Amino acid sequence: MKVEVAVEAEPAGTAGALALSADRLDDVFLLANGDSFFDFNWLSLVPALARDDWTMHAALARGVRGGRYGRVELAGERISRFLPKGESGLPINAGIYLVRRRLLERIRTAPCSLENDILPTLAADGELLGHSAEGAFIDIGVPEDFERAQLALPAFLRRPAVFLDRDGVLNHDDGYVHRPDQVRWVDGAIAAVRWLNDAGYYVFVVTNQAGVARGYYGEMDVRALHDWMQGELHRAGAHIDAFEYCPYHPEGTVETYRRTSDFRKPGPGMILKLKGDWGIDEAGSFLIGDRDSDLQAAAGAGIAGHLFNGGNLLNFVRKLVPARRRIPGSD
Ligand SMILES: [Mg+2]
């Protein structure tokens, strides 16, 4: 990541600092306090982009204890008001926002505070959405929290993974599906991925694509289809962390792909590769597949496997992951 730093000649306040970066901002951008850590599904802010009836969309952290945070009251999906610091059941402002550029028109004074001068007015005008989510939250604004963050962050970032077979789990297995127009999503499939994203799991796809070895379509088609699926998921605030596919088959007609491979399920190769690349937490990781070969791959990789026989994938997933995972040491 390339980071540019805009230095204030005079303290400009949080909104003033944003105005200093005006020439670098897109029409919609993410704004995040540099010192708060909130482990939530950032894409959950994205579905609101389908509409234009808001200027800022704030991520709110639910279930945070302690009296040093201001609290936020929601009326439906909009923030109705900000309450003074104190312990209560209400969520707190996590300091992470999706912002429309027109916000800049409201920053007229210097210095200018986002929290004190801008957000209350936006809320009063009905221009401030809030999305409340559960997730480990650290406001790294005091030395003890800085200390805690050093120790806790590695544990937060190590997460269990759900490995999903593709054909027969995410989309109906209609045989060698390789174009968007052939995809019939399984009921609840997109919502199931979103559920797992919100729950703090990595979500991977592991799919045999023997159609490549058989010459029915190319790797380009597989990748283009996965990009398209990812786009569909994004619109719903969901995402796949990585797609792994195996193009090989021992009886392929395309010579480059005619081979026995440990990556082809029931081999565990794809799962083992992802485990290595992402440093996942094996305890709590599992696979969902619609064939015995999926379950054999899971067993070979040392993780649990669950057979999905059709129906609604969200219902199936919610039985396996009823709630967001709890992280030791988090609020
Ligand atoms: Mg399958």
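Anything mentioned here points back to the structure above.
Quick look at the structure, then.

Calculation criteria
- Per chain, residue numbering runs from 1 following the sequence as it is written.
- Side-chain atom pairs in this predicted model are given and counted only at pLDDT of 80 or more, local residue features only at pLDDT of at least 70, and totals for whole chains, interfaces and linings cover all residues.
- Remark: hydrogens and water are excluded; side-chain values derive from all non-hydrogen atoms of the structure.
- Two strands qualify as a pair provided that DSSP identifies no fewer than 2 bridges between them.
- Runs of E in the DSSP output that reach at least two residues are strands. Runs of H or I that reach at least four are helices, and both are numbered from the N terminus.
- Only the contacting stretch of a helix is used when fitting its axis, a line to C-alpha atoms as for every element, and angles between N-to-C directions run 0 to 180 degrees.
- Contacts are assigned to residue pairs with any non-hydrogen atoms lying within 4.5 Å of each other.
- A 2.8 Å cut-off from the metal defines N, O and S donors, relaxed to 3.2 Å for Na, K and Ca; water is not in the atom list, so some sites may appear incomplete.
- Partly exposed describes any residue whose relative accessible area lies between the buried limit of under 20% and the exposed limit of over 50%, with all areas from a 1.4 Å probe on protein chains only and scaled to the type maximum.
- Any Lys or Arg side-chain nitrogen found within 4 Å of a carboxyl oxygen on Asp or Glu counts as a salt bridge.
- Here the word oblique covers every angle except those under 35 degrees (roughly parallel), over 145 (roughly antiparallel) and from 65 to 115 (roughly perpendicular).
- Take the far helix as your reference; a near helix turned counterclockwise from it by less than a right angle gives a left-handed crossing, and one turned clockwise gives a right-handed crossing.
- Amino acid classes used here: Ala, Val, Leu, Ile, Met, Phe, Trp, Tyr, Cys and Pro are nonpolar; Asp, Glu, Lys and Arg are charged; the rest, including Gly, are polar.
- In this scheme Phe, Tyr and Trp rings, the latter by its six-membered ring, pair at centre separations within 6.5 Å, and the angle between planes marks the pair as stacked below 30 degrees, edge-to-face above 60, and tilted otherwise.
- We call a set of buried Ala, Val, Leu, Ile, Met, Phe, Trp, Tyr and Cys residues a nonpolar core when their side-chain atoms join them within 4.5 Å.

1. Remarks on the sheet that holds strand β12 (residues 286-289)
The strand order β11-β10-β9-β12-β13 describes an open sheet built from five strands, whose pairing is parallel. Each having just a single partner strand, β11 (242-246) and β13 (304-307) make up the two edges of the open sheet. Mean inter-strand twist for the sheet, computed between neighbouring axes without regard to direction, equals 20°. Relative to β13, β12 runs parallel, the two being bridged by four bridges. Of the residues in β13, the one forming a bridge with Leu-287 is Gly-305. In the packing of helix α9 (residues 313-320) onto the sheet, contacts are made with β12 and β13, and the angle to β12 comes to roughly 155°.

2. What to know about the coordination of the magnesium ion
Around the magnesium ion, the donor atoms from the protein are Asp-165 (OD), Asp-167 (O) and Asp-290 (OD), and they sit 2.1 to 2.2 Å away. As a motif over one chain, the donors of the magnesium ion read D-x1-D-x122-D. Here the residue Asp-167 occupies a position in the loop between β9 (161-164) and α4 (189-198), and Asp-290 occupies one in the loop between β12 and α8 (292-301), the gap between them amounting to 123 residues. Classification of Asp-290 as partly exposed rests on a relative accessible area of 22%.

3. As for the pattern of salt bridges
The tally for this structure, following the rule as stated, stands at 28 salt bridges. Among the salt bridges present, the one from Arg-100 reaches Asp-52, with a minimum N-O distance of 3.2 Å. In this pair, Arg-100 is assigned in strand β6 (residues 92-100) and Asp-52 in the loop between β2 (36-38) and β3 (56-62), connecting sequence segments 48 residues apart. Overall, Arg-100 belongs to the buried group, its relative accessible area being 11%. Across the pair Asp-139 and Arg-68 runs a salt bridge whose closest N-O atoms are separated by 3.3 Å. Placement of the pair is Asp-139 in strand β8 (residues 137-139) and Arg-68 in the loop between β3 and β4 (71-75), with a sequence separation of 71 residues.

4. Notes on the packing of helix α7 (residues 269-278) against α8
Where α7 meets α8, the closest approach of the two axes is 8 Å, and the angle between their N-to-C directions is 45°. Compared by their axis directions, α7 and α8 come out oblique. Where α7 crosses over α8, the two elements pack in a sense that is right-handed. Facing Ile-271, Leu-272 and Lys-275 of α7, the residues of α8 in contact are Ala-297, Ala-298 and Ala-301. Its residues assigned to classes, the contact of α7 with α8 comprises five nonpolar, no polar and one charged.

5. What about the environment of Gly-168?
As for its placement among the helices and strands, Gly-168 is situated in the loop between β9 and α4. Between the alpha carbons of Gly-168 and Asn-309 there is a distance of 8.4 Å; along the sequence they are 141 residues apart.

6. Some details on the packing of aromatic side chains
This model, assessed by the stated rule, comprises 13 aromatic pairs. Between the aromatic rings of Tyr-201 and Phe-286, the centroid separation amounts to 6.5 Å while the plane-to-plane angle is 65°, which identifies the pairing as edge-to-face. With Tyr-201 in the loop between α4 and β10 (202-208) and Phe-286 in strand β12, this pair connects stretches of sequence that are 85 residues apart. Comparing Tyr-201 with Phe-286 shows no difference in burial state: the two are buried. When the centroid spacing of 5.2 Å and the interplanar angle of 70° are considered together, the rings of Phe-308 and Phe-316 count as edge-to-face.

7. Observations regarding α4
For α4, every residue scored as buried is listed here: Ala-189, Ala-192, Val-193, Arg-194, Leu-196 and Asn-197. Looking at the buried side of α4, the elements it contacts are β7 (128-134), β9, β10, α6 (219-235) and α9. Phi turns positive one or two residues past the end of α4, at Gly-200, with a value near 90°.

8. Some thoughts on the nonpolar core
Among the nonpolar cores identified, the biggest contains 29 residues, and Leu-164, Leu-170, Val-193, Ile-288 and Leu-313 are the most heavily contacted of them. Elements that contribute at least two residues to this core include exactly β9, α4, β10, α6, β12 and α9. Top element by residues in this core is α4. It accounts for four residues. Ala-161, Tyr-245, Ile-271 and Leu-274 belong to the second-largest nonpolar core, a separate cluster that totals 23 residues.

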